[in-house]
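# Reading the structure
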Amino acid sequence: MQKILRFDTPGRSTLDITRDIAGAVSEAGVETGLCHVFIRHTSASLMICENADPDVRADVERWMAQAVPDGDPMFVHDMEGPDDMPGHIRSILTGMDLTVPITDGTLNLGTWQGIYLYEHRSAPHAREVVVTLVNAAGA
Amino acid sequence: MQKILRFDTPGRSTLDITRDIAGAVSEAGVETGLCHVFIRHTSASLMICENADPDVRADVERWMAQAVPDGDPMFVHDMEGPDDMPGHIRSILTGMDLTVPITDGTLNLGTWQGIYLYEHRSAPHAREVVVTLVNAAGA
Amino acid sequence: MQKILRFDTPGRSTLDITRDIAGAVSEAGVETGLCHVFIRHTSASLMICENADPDVRADVERWMAQAVPDGDPMFVHDMEGPDDMPGHIRSILTGMDLTVPITDGTLNLGTWQGIYLYEHRSAPHAREVVVTLVNAAGA
């Protein structure tokens, strides 16, 4: 009822992991409950986002790049490069965990919702995501 | 132990749904546990906010309107209008799910905390919220 | 399986509460499940952040101070001072609840992840955090 998923990212990008999470749910056989998703890192995050038009994620990235600019001279912590500190702040803003309800044995996402792993570092990284399933009370 | 609530929003605004969530908790009879709230959309979100002075939510809206401006020419995705892409980004920043502890059969919110549905689109929308209740371990 | 922790903050700062949360987990004896952490306030928040270099948290604070400036004349709600409204917005951006998986009886955080209470008000405050533990399905 808990599973670790591993993803290799190509560097800064959003990766649709909805199918991987849904797979863990259908394997587990929880009918009514919660699916908790957690990323074990501080410069990659999880986000629910519109899943139909890739321009949406590109625009989210444009906004992030402007709101938390790489190489901002204000940042003291830059040991791993200009994308180091922005990676941490973007992860805090989008979040490192999320929980989706399970109904009738499947993720109860809205039609336009997808679950994305958001890689904030420029270089490729290996990322670990922990999925934990919980029964609703009385289920 | 899972319930769908439906809300009609008048367009961009914050809607206090604390009482609706609390109602689902008291119906269910969970004594100690968690109440998970999830909105099945990507341009409306959930937020815990100060519940006493309406100016707080108005100021949150002022900040959002400035941080993620409607009609920003940077955005490519604008099929549904100038508030389309800002709706997605505001939802990501505030979050589409939240979880509140249940203690002694009621939501264990702080005195000044309310649960709000935050509609980010200009036009009225029908929104669905899924409430799932879970028992604490040993409860 | 639910516990209230109390923290006195010295005013605006980040407080590492990982050990306190881990202590609640080991007391409870949950082997596989979830640890939910909730702060009962609207001007202090919870955040997972890099735990090795204190400059990271200082840079997060620099970014917040610039993105949500104290005393911004746009804010109407300033009854408790120039840090009042920024405290609410910073709390919404970072979040008032988070959930971490429990694996083999301990918090399954990544190597570089710590759990922080982020005090956003200038003055010292007493803050309450509710920790709730839940078993994974089948555990």
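Everything quoted here is computed from the prediction, not taken from an experiment. All residue numbers here refer to positions counted from 1 along the written sequence of the relevant chain. Labels follow written order: the first chain is A, the first ligand is 1, and so on. Under the rules for a predicted model, residues below a pLDDT of 70 receive no local features and side-chain atom pairs below 80 are neither given nor counted, while totals for whole chains, interfaces and linings still include all residues. Excluded from the side-chain calculations are hydrogens and water; all other atoms, namely the structure's heavy atoms, are used.

## Considerations on the overall build of chain A
Here a strand is any run of E in DSSP of at least two residues, a helix any run of H or I of at least four, and the numbering for each starts at the N terminus. Along the backbone of chain A there are three helices and eight strands. Helices and strands in chain A line up, N terminus first, as β-β-α-β-β-α-α-β-β-β-β. A principal-axis box enclosing the C-alpha atoms of chain A has dimensions of 55 × 30 × 25 Å. Exposure classes here rest on a 1.4 Å probe applied to the protein chains alone. A residue is buried below 20% of its type maximum, exposed above 50%, and partly exposed in between. Across the 139 residues of chain A, 61% fall into the buried class.

## What about the interface of chain B and chain A?
The partner chain A presents 33 residues to the 29 residues of chain B that form the contact. Counting the surface lost from both chain B and chain A, the interface buries some 2,500 Å², and carbon and sulfur atoms represent 67% of this. When two parts are brought into contact, each loses some accessible area as probed by a 1.4 Å sphere; the total of that loss over both is the buried area. Looking only at chain B, the three residues that lose the most surface to chain A are B:Phe38, B:Met74 and B:Ile92, adding up to 23% of its buried area. Under this definition, polar contacts are N or O atom pairs within 3.5 Å; protein pairs additionally need one hydrogen-donor-capable and one acceptor-capable atom, and for neighbouring residues in sequence, both atoms have to be side-chain atoms. Taken together, the connections running from chain B to chain A amount to 13 residue pairs in polar contact (both at pLDDT 80 or more). When contributions to the side of chain B that touches chain A are tallied by element, the ones reaching two or more residues are strand E3 (33-39), helix H3 (84-94) and strand E8 (125-135) of chain B. In what follows, residue pairs with any heavy atoms lying within 4.5 Å of each other are defined as contacts.

## Section: the relation of the copies chain B and chain A
The superposition of copies rests on a least-squares fit of C-alpha positions from residues with pLDDT of 70 or more in both. Rotating chain B by 120° and moving it 0.0 Å along the rotation axis overlays it on chain A with an RMSD of 0.0 Å. The transformation just described matches what one would write down for a three-fold rotation axis. Considering only C-alpha atoms, the part of chain B nearest the rotation axis is B:Leu93, at 3.5 Å. By residue overlap, the copies meet through two different surfaces: only 10% of the interface positions of chain B are interface positions in chain A.

## Focus: the sheet that holds strand E3 (residues 33-39) of chain A
All names here are of chain A. By definition, two strands form a pair when at least two bridges between them are found by DSSP. Pairing is antiparallel in the open sheet, where five strands are placed in the order E1-E8-E3-E5-E6. Both outer strands of the open sheet, strand E1 (2-9) and strand E6 (106-107), are each paired with one neighbouring strand and no more. Bridging between E3 and strand E5 (residues 97-103) involves six bridges; their strand directions are antiparallel. By the bridge assignment for E5, His36 is matched with Thr99.

## Examining the confidence of the model for chain A
pLDDT expresses how confident the predictor is about each individual residue, on a scale running from 0 to 100. Overall, the predicted model of chain A reaches an average pLDDT of 97, with 100% of residues at or above 70. For this predicted complex, the interface score ipTM comes out at 0.97, alongside a pTM of 0.98.

## Quick notes on the interface of chain C and chain A
If you look at the interface, chain C gives 34 residues, while chain A gives 29 residues. With both sides pooled, the region where chain C packs onto chain A buries about 2,600 Å², and carbon together with sulfur makes up 67% of that total. What makes a salt bridge here is a side-chain nitrogen of Lys or Arg within 4 Å of a carboxyl oxygen of Asp or Glu, nothing more. Where chain C meets chain A, there are zero salt bridges. On inspection of chain C and its partner chain A, the count reaches 13 residue pairs in polar contact (both at pLDDT 80 or more). At the level of elements, strand E3 (33-39), strand E4 (44-50), helix H2 (54-67), helix H3 (84-94), strand E5 (97-103) and strand E8 (125-135) of chain C are the ones that each hand at least two residues to the side of chain C that touches chain A. Among the elements that line the side of chain C that touches chain A, the one with the most residues is H2(C), at eight residues.

## Quick look at the packing of H2(C) against H3(C)
Helices that pack against each other are described as a pair by the angle of their axes relative to one another and the distance between those axes. All names here are of chain C. For the pair H2 and H3, interaxial distance at closest approach is 11 Å and the crossing angle is 125°. Between H2 and H3, the crossing angle belongs to the class labelled oblique. Two packed elements cross with a definite hand, and for H2 against H3 that hand is right-handed. Along the contact surface, H2 presents Glu61, Met64 and Ala65, while H3 presents Arg90, Leu93 and Thr94. Fitted lines through C-alpha atoms serve as axes, helices being fitted only where they are in contact, and the angles separating the N-to-C directions of these axes extend from 0 to 180 degrees. In these notes the angle categories are as follows: under 35 degrees is roughly parallel, over 145 is roughly antiparallel, 65 to 115 is roughly perpendicular, and the rest is oblique. By convention the crossing between two helices is left-handed if the near helix lies anticlockwise of the far one by an angle smaller than a right angle, and right-handed if it lies clockwise.

## Brief notes about H3(B)
Residues and elements named next belong to chain B. Burial runs high along H3: eleven of the eleven residues are buried. Of the positions making up H3, those classed as buried are Asp84, Met85, Pro86, Gly87, His88, Ile89, Arg90, Ser91, Ile92, Leu93 and Thr94. Once H3 ends, the next one or two residues include Gly95, with phi positive near 105°.

## A short note on the pairing of E5(A)
All names here are of chain A. Counting buried residues in E5 gives six out of seven residues, a clear majority hidden from the surface. Pairing geometry for E5 and E6, over two bridges, is antiparallel. Looking at E6, one finds that Thr103 is bridged to Thr106.

## Digging into the sheet that holds E8(B)
Hydrogen bonding along the main chain pairs the strands of a sheet, whether they run parallel or antiparallel. Read from one edge of the open sheet, five strands run E1-E8-E3-E5-E6 (chain B), paired in antiparallel fashion. Only two strands of the sheet have a single partner each, and these edge strands are strand E1 (2-9) and strand E6 (106-107) of chain B.

## Observations regarding the side chain of A:His36
Looking at the element boundaries, A:His36 is found in strand E3. A distance of 2.9 Å separates a polar atom in the side chain of A:His36 from the backbone oxygen of C:Thr99. With residues up to four places along the chain from it excluded, the contact list for A:His36 reads A:Asp97, A:Leu98, A:Thr99, A:Val130, A:Val131, A:Thr132, C:Leu34, C:Thr99, C:Val100 and C:Pro101.

## Describing the pattern of salt bridges
According to the stated counting rule, one finds 30 salt bridges over all chains in the structure shown. Residue B:Glu61 is joined to B:Arg90 by a salt bridge in which the shortest nitrogen-to-oxygen separation is 2.8 Å. Of this pair, B:Glu61 sits in helix H2 (residues 54-67) while B:Arg90 sits in helix H3, and the two are 29 residues apart along the sequence. One exposure class covers both B:Glu61 and B:Arg90, and it is buried. As a salt-bridge pair, C:Glu128 and C:Arg40 come within 2.8 Å of each other at their nearest N and O atoms. Of this pair, C:Glu128 sits in strand E8 while C:Arg40 sits in the loop between E3 and E4; the two residues are 88 residues apart in sequence, bridging distant segments of the chain. Each of the salt bridges in this network shares a partner with another, and the network as a whole consists of A:Arg12, A:Glu61, A:Asp70 and A:Arg90.

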